[in-house]
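Chain by chain, the residues:
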Amino acid sequence: MPSTIIFIVGPTAIGKTALAVKLAKKVNGEIISCDSMQVYKGMKILSQAPGLAEKRSARHHLVGSLDPEKEYNVADFRKKATKIIEAIIRRKKIPIVAGGSGLYVKGLVDGLFPSPKADLKFRKSMETIALKAGSGKLHEKLRKLDPESARLIHPNDRRRIVRALEIYNATGRTMTELKSQTRGLRDSYDIKIYGLIKPREEIYASINSRVEKMFKLGLVREVRSLKRVRLSRTAKEVLGYKEIAGYINGDYDLDTASVILKRRTRRFAKRQLSWFRGDRRIEWIDLGKTSTLAAVRKIAREVK
RNA sequence: GCCGAGAUAGCUCAGUGGUAGAGCGCUGCCCUGAAAAGGCAGGCGUGGCAAGUUCGAUUCUUGCUCUCGGCA
């Protein structure tokens, strides 16, 4: 019998952490944060990382452990999470992967094909070409090397075009060739994915009040202290950093910063919903109809 | 009170005598080393209200209402 791994996914501000903590207590589990920002140190408020109380009630992994000057990406997450999951299973506990980074969930469950790490120099040189000749030029280049990938990537999607070229540049093989070599957790574990959902208006209301709360907790102070650090390319992308930095730099007032941050967070939630919605493996739990506690009981029953 | 400007998409605004567009927002989708990122698609809206001119008015004329600016 393969071991079970539980995934808790869903949009931001829906209560994944709260549910995961209760579930961990109930089934004797440990939580792995599947989140591109909660890993970082010094971004507690920005990343909505689990607090002290939550960390005391259940063991958390990949939360507040990485230096914000360091980069982080799906591959890093996958490598670390896989090791942690194996260790948890050895301890005879249940791994609970909780988070909203859709790509990270996919990378872990379905795997990533073997591909080289980011080559920033190469990217820069491609960007220069795109700047001069347009990204259509790069797309054309890709079409000659890897027509299948070119077909899947839109001519305006420069990042993906560059990545596909980068892979070929580093390995001499096309993305299409490499894709066939993908292996993930689903090949050796029993994967259960639960998706948390609520009516859209409720999600948006939670986002708005959460942002208000972030300000009260000292969001501006946190961004000020992060501005003193050389944030990595990836850490800089946390929602709220640029928005608050704009206020600190005097580009607009605090009210505007709040409006922008709420809007960008709503858009983020929307993209998360769109990402998860299509995955047939997800069992949806409507927190508008079911209480967190009832949901925990239901999941506990199903994984026993 | 007088003078001027304006009233068009949720917001900011273009434009036209043959019933309308842009940016942002919003909605949907895509997603493999930046993913809290990036990309794609979607616009019937009592054209402030009423009347007049006209084959036809959102566009011209008049009145009214409201908003903004200036002068008192």
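Conventions used here
Residues numbered from 1 in each chain as written. Chains lettered and ligands numbered in written order. Predicted model: local features only at pLDDT ≥ 70, side-chain atom pairs only at ≥ 80, totals over all residues. Heavy atoms only, no water. Core = buried A, V, L, I, M, F, W, Y, C linked by side-chain atoms within 4.5 Å. Buried < 20%, exposed > 50% of the residue type's maximum accessible area, 1.4 Å probe, protein only. Contact = heavy atoms within 4.5 Å. Domains from an automatic or database assignment. Phe/Tyr/Trp six-rings, centres within 6.5 Å; stacked < 30°, edge-to-face > 60°. Helix = DSSP H or I, 4+ residues; strand = E, 2+ residues; numbered from the N terminus. pLDDT = per-residue confidence, 0-100. Pairing = 2+ DSSP bridges. Axes fitted to C-alpha atoms, helices over the stretch in contact; angles between N-to-C directions. Near = heavy atom within 4 Å. Polar contact = N/O pair within 3.5 Å; in protein donor to acceptor, adjacent residues only side chain to side chain. Nonpolar A, V, L, I, M, F, W, Y, C, P; charged D, E, K, R; others polar. Salt bridge = Lys/Arg side-chain N within 4 Å of Asp/Glu carboxyl O.

### Quick word on the nonpolar core
Counting 74 residues, the largest nonpolar core has Ile-6, Phe-7, Ile-8, Ile-96, Leu-219 and Ile-299 as the members making the most contacts within it. Apart from residues lying up to four places away in sequence, Phe-7 is in contact with Val-97, Val-105, Leu-108, Val-109, Leu-185, Ile-191, Lys-192, Ile-193 and Tyr-194. Met-126, Ile-153, Val-162 and Ala-164 belong to the second-largest nonpolar core, a separate cluster that totals 15 residues.

### Topic: the domain arrangement of chain A
According to the domain assignment, chain A contains domain 1 (4-112 + 183-303) and domain 2 (120-180). Placing a centre on the C-alpha atoms of domain 1 and another on those of domain 2 gives a separation of 30 Å.

### Describing the packing of aromatic side chains
On inspection of all chains with the given rule, the structure shows 3 aromatic pairs. A ring pair is formed by Tyr-72 and Tyr-104, whose centres lie 6.1 Å apart and whose planes are at 70°; its orientation type is edge-to-face. With Tyr-72 in the loop between strand 3 (60-61) and helix 4 (74-90) and Tyr-104 in helix 5 (residues 102-109), this pair connects stretches of sequence that are 32 residues apart. By the burial criterion, Tyr-72 is buried, and Tyr-104 matches it. Judged by centre distance (5.1 Å) and plane angle (20°), the rings of Phe-77 and Tyr-104 are stacked. Residue Phe-77 is found in helix 4, and its partner Tyr-104 is found in helix 5; the two are separated by 27 residues along the sequence. On the accessibility criterion, Phe-77 (0% relative accessible area) is buried.

### What about the confidence of the model for chain A?
The predicted coordinates ought not to be read in detail in places where the model reports low pLDDT. Residue-level pLDDT values for chain A average 94, and 100% of them are 70 or greater. Taken together, the chains of this predicted complex give a pTM of 0.91 and an interface ipTM of 0.92.

### Quick notes on the sheet that holds strand 2 (residues 29-33)
Spatial strand order, 3-2-4-1-5-6: 6 strands in an open sheet with parallel pairing. Looking at which strands have only one partner, the edges of the open sheet turn out to be strand 3 and strand 6 (282-286). Pairing of strand 5 (residues 190-197) with strand 6 involves 5 bridges; the strand directions are parallel. Along strand 6, the bridge assignment pairs Leu-196 with Ile-285. Here helix 5 sits on the sheet and contacts strand 1 (4-9), strand 4 (94-98) and strand 5; the angle it forms with strand 1, its principal contact strand, is near 165°.

### Structural notes on the protein's contact with RNA strand B
The environment of RNA strand B is made up of 45 residues, and the closest members are Ser-36, Arg-123, Arg-159, Arg-264 and Arg-277. Taking the atoms of RNA strand B that fall within 4 Å of the protein, sugar and phosphate contribute 53% of them. Arg-163 is positioned with one of its side-chain polar atoms (N or O) 2.7 Å from a phosphate oxygen of RNA strand B. Here the element with the most residues in the surface near RNA strand B is helix 14 (residues 254-277); it accounts for 10 residues. For the surface near RNA strand B, a count of residues per class yields 15 nonpolar, 12 polar and 18 charged.

### Brief notes about the pairing of strand 4
For strand 4, the buried fraction is high: 5 of the 5 residues fall into the buried class. Residues Ile-94, Ile-96 and Ala-98 line one face of strand 4 and the alternating positions Pro-95 and Val-97 line the opposite face, and both faces are buried. For strand 1 and strand 4, the ladder comprises 3 bridges, and the chain directions are parallel. In the sheet register, Ile-8 faces strand 4, and the bridge partner there is Ala-98. With 5 bridges connecting them, strand 2 and strand 4 associate as parallel partners. Residue pairing for strand 4: Ile-31 is matched across the bridge by Ile-96.

### Quick look at the pairing of strand 2
Extensive coverage of strand 2 is indicated by the burial of 5 of its 5 residues. Of the two faces of strand 2, the one carrying Gly-29, Ile-31 and Ser-33 and the one carrying Glu-30 and Ile-32 are both buried. As paired elements, strand 2 and strand 3 share 2 bridges and run parallel to each other. Opposite Ile-32, over in strand 3, you have His-61 as the bridge partner.

### A few points about the pattern of salt bridges
With the rule as written, the count across this model stands at 18 salt bridges. Lys-93 serves as the salt-bridge partner of Glu-30, at 3.2 Å between the closest nitrogen and oxygen. Placement of the pair is Glu-30 in strand 2 and Lys-93 in the loop between helix 4 and strand 4, with a sequence separation of 63 residues. A relative accessible area of 24% places Lys-93 in the partly exposed class. Notably, a salt bridge pairs Arg-264 with Glu-243, separated by 2.8 Å at the nearest N-O pair. One end of the pair, Arg-264, is in helix 14; the other, Glu-243, is in helix 13 (residues 241-248), with 21 residues separating them in the sequence. What makes Arg-264 partly exposed here is its relative accessible area of 36%. Taking the relative accessible area as the measure of exposure, Glu-243 reaches 4% and is therefore buried. Salt bridges sharing partners connect three or more residues here, namely Glu-30, Arg-91 and Lys-93.

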